[in-house]
Amino acid sequence: MSTRVPTLEDLQRQLVDLRAALADEDDARAAELVREHDVDLRQYLAAHGTGARLALGELLRQQAEAMDDMRARRDAAGSALRQNRRSSDAARAYLRAGAL
């Protein structure tokens, strides 16, 4: 985060960096970028308002793509956790059956 007002290019770059961090499975970096983007977007809007609607529309589209990436990561993690739980349950059941 900087003290200068971010530009639309700065905000767009943050989203590109966020998607790269998600692709690299760097969750800590992705979380940092989300926080930074939120602060910078608020600064941008406070300074410029919504005058650049077309550019903000493009930014919104990029944000939606990043959100889709984050949802996909969340869903994949949830699926892996469920699969792990099923495997653990099956292993315990197999061990109990063998102990009878």
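None of the values given here were measured: they were computed from a predicted structure. (Residues numbered from 1 in each chain as written. Predicted model: local features only at pLDDT ≥ 70, side-chain atom pairs only at ≥ 80, totals over all residues. Heavy atoms only, no water.)

Asks: Would you mind going over the nonpolar core with me for this structure?
Replies: Considering soluble globular proteins, one finds that nonpolar side chains tend to be buried as a cluster. If you look at the biggest cluster of nonpolar residues, it comprises 13 residues, and the most contacted ones within it are L8, L11, L18 and L59. Listed by contribution, the elements that provide at least two residues to this core are α1 (8-23), α2 (27-48) and α3 (53-99). Here this core gets six residues from one element, more than from any other, and that element is α1. Once residues within four sequence positions are removed from consideration, L8 is found in contact with Y44, A52, A55, L56 and L59. (Core = buried A, V, L, I, M, F, W, Y, C linked by side-chain atoms within 4.5 Å. Buried < 20%, exposed > 50% of the residue type's maximum accessible area, 1.4 Å probe, protein only. Helix = DSSP H or I, 4+ residues; strand = E, 2+ residues; numbered from the N terminus. Contact = heavy atoms within 4.5 Å.)

Asks: Where do I start with the pattern of salt bridges in this structure?
Replies: Charged atoms that come close allow side chains of opposite charge to pair. Under the definition given, this model contains 14 salt bridges. The closest approach of N and O atoms between R4 and D10, which form a salt bridge, is 2.7 Å. Residue R4 is classed as partly exposed on the basis of its relative accessible area, which comes to 45%. Take D10: its relative accessible area is 12%, and that puts it in the buried class. (Salt bridge = Lys/Arg side-chain N within 4 Å of Asp/Glu carboxyl O.)

Asks: Could you clarify how one ought to interpret the packing of α1 against α2 in this entry?
Replies: Any two packed helices are characterised by how steeply their axes cross, that is the angle between the axes, and by the distance between the axes. Where α1 contacts α2, the axes come no closer than 9 Å and their chain directions differ by 165°. By the angle between their directions, the pair α1 and α2 is classed as roughly antiparallel. Here α1 runs over α2; the crossing is left-handed. Along its contact with α1, which presents L8, L11, Q14, L15, D17, L18, A21 and L22, the element α2 presents R29, A30, L33, V34, E36, H37, D40, L41 and Y44. Looking at the contact of α1 with α2 residue by residue, the classes come out as 11 nonpolar, two polar and four charged. (Axes fitted to C-alpha atoms, helices over the stretch in contact; angles between N-to-C directions. Parallel < 35°, antiparallel > 145°, perpendicular 65-115°, else oblique. Left-handed = near helix turned anticlockwise from the far one by under 90°. Nonpolar A, V, L, I, M, F, W, Y, C, P; charged D, E, K, R; others polar.)

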